[in-house]
Amino acid sequence: MVTGECAPRRAEDAGLSLLEVVIAMSIFAVGVTAILGILVNSDDLVGGNIRRTAATNLVNQTLEAARAQTAIAITNGRVVSTQTVGGTTYTITQDAKFLTSNASANVCQSSGSTLAYKLVRVSVAWPQMGNVQPVTGDVLRAIGVTSSDGLDSSTGTVAVLITGGTGLPVSGVTVGLSGTTTSQVTGSDGCAVFAGLTPQAYTVTANQSGYVGSANTATATTTISAAAGTVTRGSLLYDTERTLNFAFDGPAGAVVPAGLPIRIGGTYVAETSMGTCTGNDVQACMTGVPGAIQHLFPDSYTVKAGSCIETDQSAGLIDIRRAAANNSTVTVPVAAVTVKVVTGNGNGNGNGNGNGNGNGNGNGNTGTTASPRTASFIHAAQSTGCTSGETYTTPNVSSGTTVLVPYGTWTVSVPAFSLLGLPLANSTQTVTVGPSAKSATVTLVVTN
């Protein structure tokens, strides 16, 4: 037995102690992480509760302000404001609407003739709410019967419902009334109500940037006549504007004739040719051909190329009623006519048989490719819709230039002979193109 000195520790005891330290540190790290998570979640919870409490106070303040007013004095429609509390900016939305005595729906969609109540609903939201819902509250105010807080029976009420392309109410639209300085911003029900009016006809107007009426103009109007002691109702189509893009299905590199008309027609507008956008437009216009058509009411549209009406038209259909369909593209089918201009020793008039497949036979023996020149495309006249035909010109046409044209029968011509720069004769060929013969080739023989 050894005395006076310590026995040495076994190696396995030292290793076990190190392992125990590692395990202990791991357990400690897990515990700290869990505690930090709890602290963070607690902080978010506390912060969320503070913001909800502030929002609740703002709802109550706004409702108290409404209770302090007569029902008639409370501003109709939507009023949006902001207020900062504790470094957080809250958005306060107040929607006030009349109710008739026999319905809980808004006045525009009920049948009652007497205004009995005003419902005030307040919603408060704040940034980065996540899945948290806004704080809301409402109060119902009865309309009085005295002159100070009621409606004069000798006056009338006008109620106009603003609806969009899908038939649903449109909120956030400012609605004005002729002969008054009063305007309202529609709430979620899309209803604007003007009470206490002298019995007469009024023009209801909506004119707001980014919106259009069913006529594809920024200003939309309707006329409604107020009658004493009752509610007169009407509606107005007005919605956020849409844009559609259009393209042709011709081959890449093909030429589009200058001035090719683009027509659109829909449920509410007759077919009409589009003008070019200028940058300050308040109605539908296009950016180019092909290009985009802007400032459109949400609707289904037929987009057509050319001005003549054929049995088979160059037309495409597109539906842009849904917001997700904005900036969609429609493809308009067209024909592709390839023009070959060559020299020859014949008379140079190049008359073709125009049999529909574009195989024309020019008179005279053809030779080499001629110098580029301007080609004319003249549509055959029709008894209706295009009595004098339509003409397009395309410059710098040489051998193998492909030109896109609407379906129909076309006479293609180029100057065949010129003297001192003046064309004295044309080389022409007629060709018919359509859905079953979308491409054709014409050969035009010239002498110089």
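Worth saying up front: this structure is predicted, and the values here are computed from it rather than measured.

So, how was this worked out
Residues numbered from 1 in each chain as written. Predicted model: local features only at pLDDT ≥ 70, side-chain atom pairs only at ≥ 80, totals over all residues. Heavy atoms only, no water. 1 Å grid on protein atoms, 1.4 Å probe; cavity = no way out; pocket = protein on both sides within 12 Å on 5 of 7 lines; lining within 4 Å. Points joined across faces, edges and corners; volume = space filled by probe spheres on them. Nonpolar A, V, L, I, M, F, W, Y, C, P; charged D, E, K, R; others polar. Pairing = 2+ DSSP bridges. Helix = DSSP H or I, 4+ residues; strand = E, 2+ residues; numbered from the N terminus. Axes fitted to C-alpha atoms, helices over the stretch in contact; angles between N-to-C directions. Disulfide = S-S within 2.5 Å. Buried < 20%, exposed > 50% of the residue type's maximum accessible area, 1.4 Å probe, protein only. Salt bridge = Lys/Arg side-chain N within 4 Å of Asp/Glu carboxyl O.

*Asks:* Just to check I follow, could you spell out empty space enclosed by the protein for this structure?
*Replies:* Applying the stated criterion to the full structure yields 1 cavity of 30 Å³ or more. Counted as a void, the largest cavity has a volume near 50 Å³. Surrounding the largest cavity, Asn76, Gly77, Ala96, Lys97, Phe98, Gln184, Asp189, Cys191, Ala192 and Val193 form its lining. Of the residues contributing to the lining of the largest cavity, the split by class is 5 nonpolar, 3 polar and 2 charged.

*Asks:* When you look at the sheet that holds strand E6 (residues 174-177) in this model, what are you seeing that I'm missing?
*Replies:* Strand pairs in the sheet, formed through backbone hydrogen bonds, run parallel or antiparallel to each other. Taken in spatial order, the 4 strands make up an open sheet running E7-E6-E9-E11, and their pairing is antiparallel. The outermost strands of the open sheet, each flanked by one partner alone, are strand E7 (183-185) and strand E11 (219-225). Neighbour-to-neighbour, the strand axes of the sheet open up by a mean angle of 25°, direction not taken into account. One ladder, built from 3 bridges, connects E6 with strand E9 (residues 201-207); its direction is antiparallel. By the bridge assignment for E9, Leu177 is matched with Val204.

*Asks:* Any chance you could explain the layout of surface pockets here in plain terms?
*Replies:* Space left empty within the atom packing is revealed by a probe, the size of a water molecule, rolled over the atoms. By volume, the largest pocket amounts to about 280 Å³. For the largest pocket, the lining is made up of 17 residues, of which Thr114, Leu115, Leu151, Asp152 and Ser153 are closest to its centre. Elements with a contribution of two residues or more to the lining of the largest pocket: strand E3 (115-125) and strand E5 (156-163). Classifying every residue of the lining of the largest pocket gives 6 nonpolar, 10 polar and 1 charged. If you add up the space inside the second largest pocket, you get close to 200 Å³. Along its surface, the second largest pocket is lined by 16 residues, and Asn76, Thr182, Gln184, Val193 and Ala195 are the ones closest to its centre.

*Asks:* What am I meant to see in the state of the cysteines here?
*Replies:* Two cysteines whose sulfur atoms are joined by a covalent bond form what is called a disulfide. Applying the stated criterion to the full structure yields 3 disulfides. The disulfide bridge from Cys108 ends at Cys191, spanning 2.0 Å between sulfur atoms. Here the disulfide of Cys108 and Cys191 is right-handed, its torsion about the S-S bond being about 85°. A residue pair is termed long-range when its members are at least 10 positions apart, and Cys108 in the loop between strand E2 (88-100) and E3 and Cys191 in strand E8 (residues 191-197) qualify at 83 residues. Shown here is the disulfide that connects Cys308 with Cys386, its sulfur atoms set 1.7 Å apart. Here Cys308 is found in the loop between strand E18 (300-305) and strand E19 (315-319), whereas its partner Cys386 is found in the loop between strand E23 (373-379) and strand E24 (391-397), with 78 residues between them in sequence. Along the protein, the cysteines that take part in disulfide bonds pair up as 1-2, 3-4, 5-6, counted in sequence order.

*Asks:* Mind showing me how you'd approach the pairing of E9 here?
*Replies:* Two faces, one strand: in a regular strand the side chains alternate between the faces of the sheet. Burial of E9 is one-sided: the residues Tyr202, Val204 and Ala206 facing one way are buried, the residues Ala201, Thr203, Thr205 and Asn207 facing the other way are not. Bridging between E9 and E11 involves 7 bridges; their strand directions are antiparallel. Each residue of the ladder has a partner; that of Thr205, found in E11, is Thr221.

*Asks:* Looking at this structure, I do not really get the pattern of salt bridges. What am I missing?
*Replies:* Should their charged atoms come close, side chains of opposite charge can pair. Tallying each qualifying case throughout the model produces 7 salt bridges. Where Arg67 meets Glu64, a salt bridge forms, and the shortest distance between an N and an O atom there is 2.7 Å. Separated by 3 residues within a single helix, Arg67 and Glu64 lie in helix H1 (residues 11-67), roughly one turn from each other. By relative accessible area, which is 38% here, Arg67 ends up partly exposed. Ionic pairing is found between Arg78 and Asp95, a salt bridge with its closest N-O pair at 2.9 Å.

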